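# Fold and geometry: a report
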Amino acid sequence: MSPFLYSLFTHDCRALHGSNTIIKITIESAYREEVDRLATWCHNNNLLLNTNTKELVLDFRRKTDIHPPIHINGAAVEHVSSFKFLGIHLSQDLTWTTNCSSLVKKAHQRLFFLRTLKKNHLSSDILVNFYRCTIERILTSCVTVWYGNCSASDRKALQKVVKTAQRIAGAPLPAIEDIYRRRAVTGGPRRSLKTPVTQRMDCSPSCPLGGATGASGQNPPGSEQLLPHCCLPAEL
C-alpha cells in the first residue's frame, strides 16, 4: 500500500484527545484506554492487531509495582525485559549488556571460519580482510549508539574478541574504541578565514577588496576582516 493510500485509509484513526501526542507514564489508565480504542477502530475497519507483540516497561521508581499486562481483544501482551529493534537489543534498565553479549556471541561464531582460513595457510592480508568484513562489522554495528554508555566489562569482552582475531590473523587490528571515536567525531578543527589583518597586502586589480584599506594603506591594529582567497596570508 502506498503512503498516500495508507494516509487516506487511516485518516480517522486518531488519539482520544487531539492535543495528546505523548501519553505520560503516570497516566496508565489513559494509555490502556488508547490501546482499547485502537483495537476497536481496527475491528470496525476489518483489521486485526498483532497480539504476538511484546511490551517493555521502563520503571525507575525505587518501589516498583507489578504492572498488569495490556490486553488486546482479550489476549494479554507479554512483558519482556529486552527486545531487538533495528538490530539493537534494548533493555528495560537501559544498559547495553544484553546487546554486547549478543554481539560477542555472534563474533565468536565467525572466529571459527577465521581459524579455518588460517589453517589453510592464507596470507595475513586475506585474514584481515575477512575479519573486517565479517567480525568487525558485527562488533561495530551501530557502535555510535551504544558504545559510549557501555560498562567496562562489556568493553573488555568486545576487545577480547579483537585480540583473539589479532592473534589468529597475525596482524594488528583497530580497537573497538578507536573505531567508535573515529565514527563519532563529525570532523576535526576547521581553519577560520577570519584572520586579523596587521599589515597591508597588495591585491590584484580584480580583487573585491582592492582599495578597501584606509588612506594610510593599513587597517587599525587588532581589526579583523573576512578575506577572499587571493588575500589570505601564506601561512593559512
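Notes on the structure follow. (Residues numbered from 1 in each chain as written. Predicted model: local features only at pLDDT ≥ 70, side-chain atom pairs only at ≥ 80, totals over all residues. Heavy atoms only, no water.)

## Describing the side chain of His-89
Applied cut-off: Each helix is a run of H or I in the DSSP string that is no shorter than four residues. Each strand is a run of E no shorter than two, and both are numbered from the N terminus. Classification of residues uses two cut-offs on accessible area relative to the type maximum, computed with a 1.4 Å probe and protein chains only: under 20% is buried, over 50% is exposed, and between them is partly exposed. Working rule for contacts: check all heavy atoms of both residues, and any pair within 4.5 Å makes them a contact.
Summarising the element assignment, His-89 is placed in strand β6 (residues 88-91). Relative accessible area serves as the criterion here: at 17%, His-89 is assigned to the buried category. Apart from residues no more than four positions distant in its own chain, His-89 is found in contact with Phe-83, Lys-84, Trp-96, Thr-98, Asn-99 and Ser-102.

## Considering the state of the cysteines
We apply this condition: In what follows, a disulfide is any cysteine sulfur pair within 2.5 Å.
For the coordinates displayed, the defined rule picks out 0 disulfides. Distance from the sulfur of Cys-100, which forms no disulfide, to the nearest cysteine sulfur (Cys-150) is 3.4 Å.

## Considering unusual backbone geometry
Backbone geometry at Leu-94 places phi at a positive 60 degrees, although glycine is not the residue there. Within the fold, Leu-94 resides in the loop between β6 and α3 (97-119). According to the relative accessible area criterion, Leu-94 is exposed, its value standing at 53%. A positive phi angle, near 55 degrees, is found at Cys-142, a position not held by glycine. Within the secondary structure, Cys-142 sits in the loop between α4 (124-139) and α5 (143-146). Accessibility expressed as a relative area gives 34% for Cys-142, which makes it partly exposed.

## What about the pattern of salt bridges?
Our working definition: Throughout this description, the term salt bridge denotes a Lys or Arg side-chain nitrogen within 4 Å of a carboxyl oxygen of Asp or Glu.
Under the criterion given, the structure shown has 2 salt bridges. Across the pair Arg-132 and Glu-136 runs a salt bridge whose closest N-O atoms are separated by 2.7 Å. With a gap of 4 residues between them, Arg-132 and Glu-136 both fall in helix α4, about one helical turn apart. The class of Glu-136 is buried, set by a relative accessible area of 5%.

## Side note on the packing of α3 against α4
Defined as follows: In this analysis an axis means a line fitted to C-alpha atoms, helices contributing only their contacting stretch, and an angle means the value between N-to-C directions, from 0 to 180 degrees. Angle categories are assigned with fixed cut-offs, so that under 35 degrees is roughly parallel, over 145 is roughly antiparallel, 65 to 115 is roughly perpendicular, and the rest are oblique. Following the grouping adopted for this structure description, the nonpolar residues are Ala, Val, Leu, Ile, Met, Phe, Trp, Tyr, Cys and Pro, the charged ones are Asp, Glu, Lys and Arg, and the polar ones are all others, Gly among them.
Put simply, α3 and α4 touch, their axes get as near as 9 Å, and they point 170 degrees apart. On the basis of their axis angle, the class for α3 and α4 is roughly antiparallel. Only Leu-127, Phe-130, Thr-134, Ile-135, Ile-138 and Leu-139 of α4 make contact with α3, whose side of the interface consists of Leu-103, Lys-106, Ala-107, Arg-110, Leu-111, Phe-113, Leu-114, Leu-117 and Lys-118. For the contact of α3 with α4, the class distribution of residues is 11 nonpolar, 1 polar and 3 charged.

## Considering helix α7 (residues 176-184)
Formally: Taking the helix axis as origin, the arc is that swept by the directions to the C-beta atoms.
Considered for burial, the residues of α7 that qualify are Ile-176, Ile-179 and Tyr-180. Looking straight down α7, one finds its buried side chains confined to an arc of 100 degrees; they lie on one side. Looking at the buried residues of α7, the elements they touch are α4, α5 and α6 (152-169).

## Notes on the nonpolar core
The condition is simple: We define the nonpolar core as a collection of buried residues of types Ala, Val, Leu, Ile, Met, Phe, Trp, Tyr and Cys that are connected through side-chain atoms lying within 4.5 Å of one another.
Of all hydrophobic cores here, the largest spans 28 residues; its most connected members are Ile-135, Leu-139, Trp-146 and Leu-158. Mapped by element, the contributors of at least two residues to this core are α3, α4, α5, α6 and α7. Here Leu-139 is in contact with Leu-103, Ala-107, Tyr-131, Trp-146, Leu-158, Val-161, Val-162 and Ile-176, once residues within four sequence places are set aside. By size, the runner-up hydrophobic cluster in this structure holds 5 residues, among which are Ala-39, Ile-70, Ile-72 and Val-77.

## Details of a positive patch on the surface
Short version of the rule: Surface patches are defined over residues having more than 30% relative accessible area and no salt bridge, joining like charges when they lie within 9 Å and nonpolar side chains (Val, Leu, Ile, Met, Phe, Trp, Tyr) when within 5 Å. The method behind every accessible area is Shrake-Rupley, applied with a 1.4 Å probe, and residues are considered shielded solely by the protein chains displayed. We score Asp and Glu as negative and Lys and Arg as positive, and we do not count His or the chain ends. A single reference atom marks each charge: NZ on Lys, CZ on Arg, CG on Asp, CD on Glu.
On the surface, Arg-115, Lys-119, Lys-156, Lys-160, Lys-163 and Arg-167 cluster together into a positively charged patch. Of all the elements in the fold, those that place two or more residues in the positive patch are α3 and α6. If one sorts the elements of the positive patch by residue count, α6 sits on top with 4 residues. A relative accessible area of 65% means that Lys-156 is categorised as exposed.

## Quick look at the packing of aromatic side chains
Heads up, the condition is: Stacked, edge-to-face and tilted are the three classes for Phe, Tyr and Trp ring pairs, Trp counted by its six-membered ring, which pair at centre distances within 6.5 Å; planes under 30 degrees apart are stacked, over 60 edge-to-face, the rest tilted. Lysine and arginine charges are scored as sitting over a ring when NZ or CZ, respectively, is within 6 Å of the ring centre and within 35 degrees of the ring normal.
Enumeration according to the criterion identifies 3 aromatic pairs in this entry. Taking 5.1 Å as the distance between ring centres and 45 degrees as the angle between the ring planes, the aromatic pair formed by Tyr-147 and Tyr-180 counts as tilted. Here Tyr-147 is found in the loop between α5 and α6, whereas its partner Tyr-180 is found in helix α7, with 33 residues between them in sequence. Using a relative accessible area of 4% as the deciding quantity, one classes Tyr-147 as buried. Ring pairs connect the aromatic residues Trp-146, Tyr-147 and Tyr-180, which therefore count as one cluster. Between Arg-155 and the ring centre of Tyr-147, over which it is positioned, the NZ or CZ distance is 4.5 Å.

Geometry only, nothing functional implied.
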